[in-house]
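A look at the structure
Each chain, letter by letter, is given below.
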Amino acid sequence: MAHRFSIRKALSFALIEYKKWLLHTHMLILAILIVFIYNYAVAPLLNNAARMGAPLNALEPVVALANSGQILLILPLAFLALIADYPKKGADTFFALCRVGRVNWLAGQVALLFLMAVTFLSAIAAGCMLSVSGHCFWGGEWSDVATKFVSVFPEEYNSFAVQLLPENLYNQFCVRDAAFLSFALVFAHLFLLGLILLVFTLLKLKRAGFLVCGGLVSLAAALMSVHAPLQWLLPMAHSVLWIHYTEYFREPVFPVWASGAYFAAWIFILLAAGGHLVRRFDL
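Now for a quick tour of the structure.

Tallied over the entire structure, the rule returns 2 salt bridges. The salt bridge involving K20 is made with E17; its shortest N-O contact spans 3.5 Å. Here E17 and K20 lie together in helix α1 (residues 7-22), a separation of 3 residues that amounts to about one turn. The partner of K148 in a salt bridge is D144, with the nearest N and O atoms 3.7 Å apart. Among the residues examined, D144 registers a relative accessible area of 36% and is labelled partly exposed.

Below, the structure is given as C-alpha cells:
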C-alpha cells in the first residue's frame, strides 16, 4: 500500500464517504435536534422580542445556542450519535486502504470529519436563523432584546431567556465576533472528539473511544456547573465563549487565544498519533 500523500485521493475518498453520511437515516437526529433547539433556546428569545416589540439580531440565536450549558452538553452527544460509525471499519476498509493508501485514507478521514462537523453546526445555525427570519435584522450591533430587556423587565433578570445572552458576551464582543468565535470554538470541540474516535479506532478500541468522549463531556459539564478551576483541563470549557470573560471587565478569566492554542495542541497530538498508528494498523 503506497504511502505517498495525494490531496486528490484523500479528498475524493472523503467526498464519497461524506455523501454516504448525508444520505444515512441517522440524519433524522439532526432534524430532531434543530426542532429541540428552536423550542428550547430560540422560542424564549422570540418571546422576549415580542414583549419588547423589537427585533433580534439574526446572529443572536446562534450565539445563544453556542453558549448555553445545557445545549453544549447535548450538541457533542448528538454529534457523536451522528458519527457513530466513524471511521467505518468493515469489509471495504481493506480495499479502500489498498486503493488510496494508508496516509491518504487517514487524510480523507480527517477531511471527512471536518466536513461532518461543519455541516452539523451550519445546519443548526441555519435552522436558528431561518426560524427568526421574520423577526430579525442583520448587523454588527446587539439587539435591544439582548441589551435592554432587563432594564424594561427587571423581574426577569434571572430568567432562562435572559441568561441565554449573558452580559459576558454583549459587553465584550460585537455580535459578529461573538458568533464567529462561538462557532469556531464549538467546532474545535467537536473536531477534537472526532479525532479521539479516530485514534481509538486505529487502536482497535472504538467502544472505549466513545466512553472516553462521553466521559469528557459529562465530567466537563459537572465541573462547569460548579465553576471549578479544573474545568479548564477539559475541552468543553474552552468551547464556551462567555465563561472566558467576566460580566463587565475586559480582563479575561481565561484568554480566548489560549483556548485556541489548547485545541490546536490536542488536535496536533491526535493527528500525529493517527499518522503513527495508521502505518501499523492491522486489518
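That covers the picture; the talk isn't over yet.
The residue H244 is located in the loop between α13 (235-238) and α14 (256-278) in this model. Here the side chain of H244 touches V240 through a polar contact of 2.9 Å, landing on its backbone oxygen. Apart from residues lying up to four places away in sequence, H244 is in contact with L185, W232, A237, H238, P252, V253, F254, P255, V256 and S259.

Attention now goes to the packing of aromatic side chains. For the coordinates displayed, the defined rule picks out 11 aromatic pairs. Seen in terms of ring centroids, F187 and F191 are 5.6 Å apart; in terms of plane orientation they differ by 25 degrees. Their pairing is stacked. In this pair, F187 and F191 are both assigned in helix α11 (residues 175-202), 4 residues apart and thus about one turn of the helix distant. Like F187, the residue F191 is buried in the burial classification.

With 94 residues, the main nonpolar core has L75, F120, I124 and W142 as its most contacted residues. At 17 residues, the largest contribution of residues to this core is made by α11. L75 has contacts with L33, I37, L65, F120, I124, V186 and L190, leaving out every residue within four places of it along the chain.

Basis of the calculations
Residues numbered from 1 in each chain as written. Predicted model: local features only at pLDDT ≥ 70, side-chain atom pairs only at ≥ 80, totals over all residues. Heavy atoms only, no water. Salt bridge = Lys/Arg side-chain N within 4 Å of Asp/Glu carboxyl O. Helix = DSSP H or I, 4+ residues; strand = E, 2+ residues; numbered from the N terminus. Buried < 20%, exposed > 50% of the residue type's maximum accessible area, 1.4 Å probe, protein only. Polar contact = N/O pair within 3.5 Å; in protein donor to acceptor, adjacent residues only side chain to side chain. Contact = heavy atoms within 4.5 Å. Phe/Tyr/Trp six-rings, centres within 6.5 Å; stacked < 30°, edge-to-face > 60°. Core = buried A, V, L, I, M, F, W, Y, C linked by side-chain atoms within 4.5 Å.

In short, the description is geometric, and any link to function would need to be established separately.
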